[in-house]
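Residues per chain are reported as follows:
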Amino acid sequence: MNLTLKVWRQDGPEATGHMDTHALEGVSPDMSFLEMMDMLNDQIIRAGGEPVAFDHDCREGICGMCSMFINGEAHGPGRGVTTCQLHMRSFNDGDTIAIEPWRAQAFPVIKDLTVDRSAFDRVIQAGGYISVNTSGNTIDANAIPVPKEQADDAFSAATCIGCGACVASCKNASAMLFVSAKVSQFALLPQGQPERESRVQRMVEQMDKEGFGNCTNTGACAVECPKGIDLSNIARMNRDFMSAAVKSKK
Amino acid sequence: MLDSKIPEGPLADKWTKYKDDIQLVNPANKRSIDVIVVGTGLAGSSAAASLAEMGYNVKALCFQDSPRRAHSIAAQGGINAAKNYQNDGDSVHRLFYDTVKGGDYRSREANVHRLAEVSTNIIDQCVAQGVPFAREYGGLLDNRSFGGVLVSRTFYAKGQTGQQLLLGAYSALSRQISKGKVDMLTRHEMMDVVMVDGKCRGIIARNLVTGELERHAAHAVVLATGGYGNVFFLSTNAMGSNVSAAWKAHKKGAHMANPCFTQIHPTCIPVSGEHQSKLTLMSESLRNDGRIWVPAKKEDAEAIRKGTKTALEIAEADRDYYLERRYPAFGNLVPRDVASRAAKERCDAGFGVNKTGEAVFLDFASAFKRYGKTEASIRGLSQPSTEEIVTLGKEVVKAKYGNLFDMYKQIAADNPYETPMKIYPAVHYTMGGLWVDYNLMTSVSGLYATGESNFSDHGANRLGASALMQGLADGYFVLPYTIGDYLANDIRTGAISSNSAEFEAAEKAVQERIDHLINNNGSKPVDDFHRRLGRIMWNECGMSRNEAGLKKAIADIRALREEFWKDVRVPGNATSYNPELDKAGRVADFLEQGELMCMDALAREESCGGHFREEHQTPEGEALRDDENFAFVSAWEFAGDPSESKLIKEDLVFENIELKQRSYK
Ligand SMILES: Cc1cc2nc3c(=O)[nH]c(=O)nc-3n(C[C@H](O)[C@H](O)[C@H](O)COP(=O)(O)OP(=O)(O)OC[C@H]3O[C@@H](n4cnc5c(N)ncnc54)[C@H](O)[C@@H]3O)c2cc1C
Ligand code: SF4
Ligand code: FES
């Protein structure tokens, strides 16, 4: 396949960016999208230029590092896949492909397609945990049975990879889907109950501080989420937040 | 001489007695002690969180943008623990025995026993943290089986066990970061360790965003930097996984142990072309239900390769389920090294089933039928058709392995519910690593190594679901004790200064190497060299090795290393974000480590576990160990250049297990 690539180039957080155009020939449909980017970079380096910087690590859809906005969609045209799982067979010979970074106030660009998502870490630090120290003598793992359905729902929420596609897809750059996934995981488990209220309050407060926008229920986040995190998590978080707010006023 | 510092006394009492006897640091003193943890995978996150909870000041580093993205996140299948919840005869002793046997009798009894002992605490700890393991309908934890064992002791969270465990450790770490007890440095790479008066007292790190070099001083340093499978270029490891931190430590005096012990995983998606950048694992758990085969007739295999026949057209009688044929007792669940070699043997003999001739089938047809029948009877269907049964069976398989099947479909563009998967062995894990004693301290005072970066527990072959167990055992339950025994001597030392001549010199050396790479102005990108190194390693130091090949590999690697330093092209500058520069530094280290691996493979004149020397095999083609001459750990001491490295032997003493020819027949 022969492609025309329009790629966002930006030297640093303060620099102004622009789209660069590259022709790339001989792309195999079996390549992953990132292997295609490797090929582009190889071409650029051999020609004496500077390669396109992009985040990636596992290349199998689980680390959450890859983050490209492809033809106007977070992680490109596929559903339920990350950028690294996208294959070139999803495109046609002669296509022009636009490749941009996540765009959100809370995710400043570091270079080219690489952005700073540390805001997510700070939201987790605000309360995305169960306060239990390491010790050799917590209670036996089977001491508290957890109904399978509830455990499965907690697991589904916990599969969020923290990629930020939800934020990048939302016109308000809201992080509700990400935050609600973590809140839900713990809200669904008996171990998460003691801190349930303070957790949701602290995490939401931090989320607002980081400059993520408000949720206006458009649902674009869940459409682009590579892990199928469900909108019902947002509803659960809203309920928990309201009930915590009511109680703390008393 | 190497002192493994294994405590005296009966095997089952060693760890308990050790804990009772060690020196403790009182809580007030812990506040004035600094520890650096490099790496935030299972081993690093768990250690950093636990040490901070105990009161130490911790600094943690990772090269990714968040500690949650360490390579541990990708582990699929599960984690072992001797809980015996299934009441199938499991015990601490059995887990210990399976691990030593699975490792082909090349690991330390005392370390492995301790690992088995603490395994049960890990599951308790993780559940308390909110790790959502798979459960049965009654609400209790579910288990599955992994290769090389006859019990069900593997805990799992669908095909994302590593993710869930790492997120658990990450949340514990996040809690300590929020308390200010851990200073977390992301997008930071350790460039060297710094020695002061014979002790490791800190590191030089590079801020990958700004390119700045930083000095970090501490009373002790822990490396939890993962494995070096990427020396083969193609592996199931994440792209950034590297040997650099361990290699830098090696060059400062930490011995590298058993570097040639590499695990080649039998079930990975085969290479699709030259562009391939990494390989994807299909979890071993699939071998619970999938049957591995190739055509029994060469002409059928040829027809499949040419595309004139498909797997479905090969009659049952014309299929060779070679693992079931060769190893009736364990069948498709033989350990990884055995399964990988058997696949290579069939493909080398001309029975491979894809274009390149390097693939075998992993077939779920029998599982569809078996599960379908059970499901039909549960649902009370009378005389269901074969079609109905298969459809029901597919649903059951989907519930178990859905995400893996989807992943396969996505990559191979082929539907594994309709045709068998094609798989081939790929580099997956490195049993070798930094030599550590019972305390997990390297041969450098104050420098520790945990998780995959050390060599300690898996001998010459690791059993499935045991790496996650080891990483968390080291970080949650072993290191927090053992490091205290060392730090107890440092309570009066006071803060370590990074303003010393030693830090100055280390920083300067790092800067010079970076300048060299950036100013080299060669003609070839870093990946060009990495790919070529990978090819040499895979061909000569991969699934089977021989003297001539290894000698050739050593010469070829030296030549390639020379060419690299002359002709590598690193674009950009060293004072801003530059991933090519980061990669160049890592490949430069692989080019040294690769040579040492080949030297180690050459020196070990026996076959054991993942190390198969063609000169040493039984008439049936099984690995032939030489316990008389090779029951030792090879610890290599650096002496200026990889080729000058000196071999030091730590004899392995087996007091509780009788050494036997490993048999899975
Ligand atoms: C695809 C796959 C599936 C697997 N499945 C299983 C399984 O089901 N069960 C099982 O038991 N095992 C499994 N394994 C093995 C297991 O995942 C690993 O052995 C284990 O997770 C390693 O953990 P670790 O903490 O030692 O290192 P890692 O998780 O690799 O972490 C290394 C850390 O070190 C950091 N680092 C490295 N170098 C530097 C440096 N120079 N400076 C700063 N930071 C650095 C990285 O940023 C990272 O944080 C699997 C492995 C793979 C590849
Ligand atoms: S909710 Fe989905 S899109 Fe958002 S960070 Fe998690 S996995 Fe990514
Ligand atoms: S690179 Fe890890 S999810 Fe894409």
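Residues numbered from 1 in each chain as written. Chains lettered and ligands numbered in written order. Predicted model: local features only at pLDDT ≥ 70, side-chain atom pairs only at ≥ 80, totals over all residues. Heavy atoms only, no water.

Peer 1: It is not clear to me how the overall build of chain B should be interpreted in this structure. Could you clarify?
Peer 2: Along its length, chain B carries 18 helices and 19 strands. Whereas a compact globule of 665 residues would reach a radius of gyration of roughly 26 Å, chain B reaches 25 Å, a difference of no more than 12%. Its C-alpha atoms put chain B at 80 × 60 × 50 Å along the principal axes. Sorting the 665 residues of chain B into buried and exposed places 66% on the buried side. Sequence separation of 24 or more characterises 74% of the internal contacts of chain B that already satisfy a separation of 6 or more. Element-wise, carbon and sulfur atoms account for 49% of the exposed surface of chain B, whose accessible area totals about 22,200 Å². In chain B, 80 positive and 87 negative side-chain charges are present, and the distance between their average locations comes to 3 Å. (Helix = DSSP H or I, 4+ residues; strand = E, 2+ residues; numbered from the N terminus. Rg over C-alpha atoms; globule rule 2.2 N^0.38 Å. Buried < 20%, exposed > 50% of the residue type's maximum accessible area, 1.4 Å probe, protein only. Contact = heavy atoms within 4.5 Å. Areas by Shrake-Rupley, 256 points an atom, 1.4 Å probe, with all protein chains shown as cover. Lys, Arg positive; Asp, Glu negative; His and termini not counted. Charge placed at Lys NZ, Arg CZ, Asp CG, Glu CD.)

Peer 1: Sorry if this is basic, but what is going on with the sheet that holds strand β5 (residues 182–185) of chain B here?
Peer 2: Two strands in a sheet stick together by hydrogen bonds in their backbones, pointing the same way (parallel) or opposite ways (antiparallel). Residue and element names in this part refer to chain B. Strand order across the open sheet formed by five strands is β5-β2-β1-β9-β17, with parallel pairing between neighbours. At either margin of the open sheet sits one strand with a lone partner, and together these are β5 and β17 (447–449). Strand-to-strand twist across the sheet, computed as the mean angle between neighbouring axes with direction ignored, equals 20 degrees. As paired strands, strand β9 (residues 220–223) and β17 are joined by three bridges and run parallel to one another. Pairing of Leu223 across the sheet is with Ala449, part of β17. (Pairing = 2+ DSSP bridges. Axes fitted to C-alpha atoms, helices over the stretch in contact; angles between N-to-C directions.)

Peer 1: Whenever I open this one, the interface of chain A and chain B confuses me. Can you help?
Peer 2: Interfaces are often sized by the accessible area lost when the parts come together. In this assembly, 68 residues from chain A lie in contact with 73 residues from chain B. Around 6,000 Å² of area is buried between chain A and chain B when both sides are counted, 53% of it from carbon and sulfur atoms. Between chain A and chain B we count five salt bridges in total. Its salt-bridge partner being Asp528 of chain B, residue Arg46 of chain A comes within 2.9 Å of it at the nearest N-O pair. In this structure, the connection of chain A to chain B is made through 39 residue pairs in polar contact (both at pLDDT 80 or more). For the side of chain A that touches chain B, the secondary structure elements donating two or more residues are α1 (33–46), β6 (109–111), β7 (114–115), α2 (118–125), α3 (148–158) and α5 (176–187) of chain A. Classifying every residue of the side of chain A that touches chain B gives 30 nonpolar, 21 polar and 17 charged. (Buried area = accessible area lost by both parts, 1.4 Å probe. Salt bridge = Lys/Arg side-chain N within 4 Å of Asp/Glu carboxyl O. Polar contact = N/O pair within 3.5 Å; in protein donor to acceptor, adjacent residues only side chain to side chain. Nonpolar A, V, L, I, M, F, W, Y, C, P; charged D, E, K, R; others polar.)

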